[in-house]
Each structure stands twice: as structure tokens, then as C-alpha cells.
Amino acid sequence: MPNAELLVHLAEIAGVFVGFGALISIRSDTTTDEYELTMIRMIVWTGVVVVVTALFPVILSDYGIDGHGLWVSSSAVFLVLFWVGGAGTDRLNPERTRYLATLPHKGRIRLEIPALFLWVPMNIALVFVLFGSFPDREPVLYATAVALNLIMDALLLLYLVFRQGRPQPVRRPVDKDQEERVAS
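Reading the values: the criteria
- Within every chain, residues take consecutive numbers counted from 1 along the sequence as written.
- In keeping with the model being predicted, local features are shown solely for residues with a pLDDT of at least 70 and side-chain atom pairs are shown and tallied solely at 80 or more, while totals for entire chains, interfaces and linings include all residues.
- Only hydrogens and water are removed before side-chain values are computed, so all heavy atoms of the structure are retained for them.
- To qualify as a helix, a DSSP run of H or I must reach at least 4 residues; to qualify as a strand, a run of E must reach at least 2; elements of each kind are numbered from the N terminus.
- Think of it in three bands: residues with accessible area under 20% of the maximum for their type are buried, residues over 50% are exposed, and the middle band is partly exposed, with areas taken using a 1.4 Å probe on protein chains only.
- For this analysis, a ring pair means two rings from Phe, Tyr or Trp (six-membered ring only for Trp) whose centres lie within 6.5 Å, classed as stacked if their planes differ by under 30 degrees, edge-to-face if by over 60, and tilted for the remaining angles.
- For our purposes a nonpolar core is just a set of buried Ala, Val, Leu, Ile, Met, Phe, Trp, Tyr and Cys residues, chained together by side-chain atoms within 4.5 Å.
- Whether two residues are in contact is decided by their heavy atoms: any pair within 4.5 Å suffices.

All right, on to the environment of Val-72 then. Here Val-72 shows up in helix H3 (residues 67–92). Looking at Val-72, the relative accessible area reads 23%, which means it is partly exposed. Considering only alpha carbons, one finds Val-72 and Leu-130, 58 residues apart in sequence, at a separation of 5.1 Å.

Structure follows, in C-alpha cells:
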């Protein structure tokens, strides 16, 4: 199978991102910041999708499936994981829904623009494979889609890292007497 080694290496890299996401999650298990929770979960989910989509065709090819059948089935699994799995994670990630609800419309668009240049070509490459548009290029189209998803995961991790260390609102200890006066 062409690109087997490349796909395995992409899966290994994504596994590191999953590990980083899990480590961040464990280290910040008391965080209530919806942005951080959303980003950590998206990093882990996207990394898992990269691992699965990178290894899926490698494993299928070991069963003797090759050619267009290999790439069509792999692309179908990829698209289902990306779209249906992504929507499913939204249901499991109420913080993401609440975080997005706090953003003005322009804020949401600004959040999606960097990823747009990755997920649109990724989906186009997978659709080309599904329709057999470039039969001799299916392995490279598929590997490109996996790599673009990995780059998207790297951007998520980068956003989270750059967000860390930003000044957080200061919570001042409230004097008990003052708190009672304010309440009454």
C-alpha cells in the first residue's frame, strides 16, 4: 500500500497531540474556563480522528483490500468521523456550545477562518476520492486530508497554548461582614 509509512507516522504524531491534550486535561482538571475545556476536548478528539483515519487504510490493506475500494471506504469513514463524530462531540461537550453562544457572530467567524483553509481542502480531497475523480491520485489525496486534519489539530493546540498565561479576572477575597452587608 502506498503511503502506509507516512500514514503510520501521522498517526504517531497525532498520538502525541492526544497525549498532550490528556496531560493538559489532567493538570487543569479544576478549570471551569469553557474555552479551555472546549479546546482540550477538541484537541483530543481531532487527534483521535487523525489516529483512526491514518491507521484505517493501513489495517484494511492488510486484509487484502486495495485500490479504489480501500480509499473510498477510508474516505467514507473519515467523513463520518469528521462530520457526524464532530456533531456528536458537541453533544458531549456542553462547554463548547456555551462558549460559542457567548461569542458575537463575528467572533465565531473569526474563530473558524484559520481552520477553513484546512478543512475545506481536506473535505474536497475526500470527496474527490469518493467520486473517483482522480483514481491515480487517491492515496495522495487521502494522505493530504489526514495531514490537513493533523495541522488543524496542531492549530488547536497552538491556540490553547497562546491562550494560557493571559491575565485572568482577579477574584478578591470578600470580607464576610462586607458580603453580609451587600446581601442585605
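Under the definition given, this model contains five aromatic pairs. Arranged with centres 5.4 Å apart and planes meeting at 50°, the rings of Trp-71 and Tyr-142 form a pair that is tilted. With Trp-71 in helix H3 and Tyr-142 in helix H6 (residues 138–163), this pair connects stretches of sequence that are 71 residues apart. Overall, Trp-71 belongs to the buried group, its relative accessible area being 3%. Judged by relative accessible area, which is 0%, Tyr-142 ranks as buried. Among the aromatic side chains, those forming a connected cluster through ring pairs are Trp-71, Phe-78 and Tyr-142.

What follows deals with the nonpolar core. By size, the foremost hydrophobic cluster in this structure holds 37 residues, and its most contacted members are Leu-7, Phe-78, Met-122, Leu-126, Tyr-142 and Val-146. Going through the elements one at a time, helix H1 (4–27), helix H2 (34–62), H3, helix H5 (105–130) and H6 are the ones with two or more residues in this core. It is H6 that provides the largest number of residues to this core, a total of 11 residues. Those residues in contact with Val-146 that lie beyond four places of it in its chain are Leu-7, Leu-10, Val-50, Thr-53, Ala-54 and Phe-78.

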